[in-house]
Amino acid sequence: MKIYYIDRRPDKEGVYRIHIQGCPDIPLDRLFLGRFEETAAAISAAKANRSQIKCCETCHT
Ligand SMILES: [Zn+2]
């Protein structure tokens, strides 16, 4: 299981980024998304109430 966070505020294009715990690019203004086995599950959870999601490129390589 990995612990996932998501930006509390979207970027200027309206996109929220998903991070894995330990990523140096997680903003201070973040929300705990949940614990998931796979990133796909974290994306599904995030999409429940957000239209535009991206995985952070630093922690999803
Ligand atoms: Zn990240």
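For the structure, check the block above.
Residues numbered from 1 in each chain as written. Predicted model: local features only at pLDDT ≥ 70, side-chain atom pairs only at ≥ 80, totals over all residues. Heavy atoms only, no water.

## What about the pairing of strand S1 (residues 2–7)?
Among the six residues that make up S1, five are buried, leaving the element largely enclosed by the rest of the structure. Pairing of S1 with strand S3 (residues 30–36) involves six bridges; the strand directions are antiparallel. Within the sheet, the bridge partner assigned to Ile6 lies in S3 and is Leu31. Relative to strand S2 (residues 16–20), S1 is paired through three bridges, and the arrangement is antiparallel. Among the inter-strand pairings, Tyr4 is bridged to a residue of S2, identified as Ile20. (Buried < 20%, exposed > 50% of the residue type's maximum accessible area, 1.4 Å probe, protein only. Helix = DSSP H or I, 4+ residues; strand = E, 2+ residues; numbered from the N terminus. Pairing = 2+ DSSP bridges.)

## Overview of the pattern of salt bridges
If you walk through the whole model with that rule in mind, you get three salt bridges. Of the charged contacts, one joins Asp11 and Arg17 as a salt bridge, the two residues approaching to 2.8 Å between their closest N and O atoms. Among the residues examined, Arg17 registers a relative accessible area of 25% and is labelled partly exposed. Here the residues in one salt-bridge network are Arg8, Arg9 and Asp29, joined through shared partners. (Salt bridge = Lys/Arg side-chain N within 4 Å of Asp/Glu carboxyl O.)

## Re the environment of Tyr4
Here Tyr4 lies in strand S1. On the basis of relative accessible area, Tyr4 is assigned to the buried category, the value being 0%. Spatially, the C-alpha atoms of Tyr4 and Ile43 are 9.7 Å apart, while their sequence positions differ by 39 residues. Contacts of Tyr4, omitting those with residues within four sequence positions, involve Ile18, His19, Ile20, Leu31, Phe32, Leu33, Gly34, Phe36, Glu38, Thr39, Ala42 and His60. A polar contact of 3.0 Å, which involves the side chain of Tyr4, links it to the side chain of Thr39. (Contact = heavy atoms within 4.5 Å. Polar contact = N/O pair within 3.5 Å; in protein donor to acceptor, adjacent residues only side chain to side chain.)

## Looking at the nonpolar core
Tyr4, Ile6, Ile18, Leu33, Ala46 and Ile53 are the most contacted members of the largest nonpolar core, which totals 16 residues. At the level of secondary structure, the elements contributing two or more residues to this core comprise S1, S2, S3 and helix H1 (39–47). Ranked by residue count, the leading element in this core is S1, at four residues. (Core = buried A, V, L, I, M, F, W, Y, C linked by side-chain atoms within 4.5 Å.)

Purely spatial values, then, with no claim about function.
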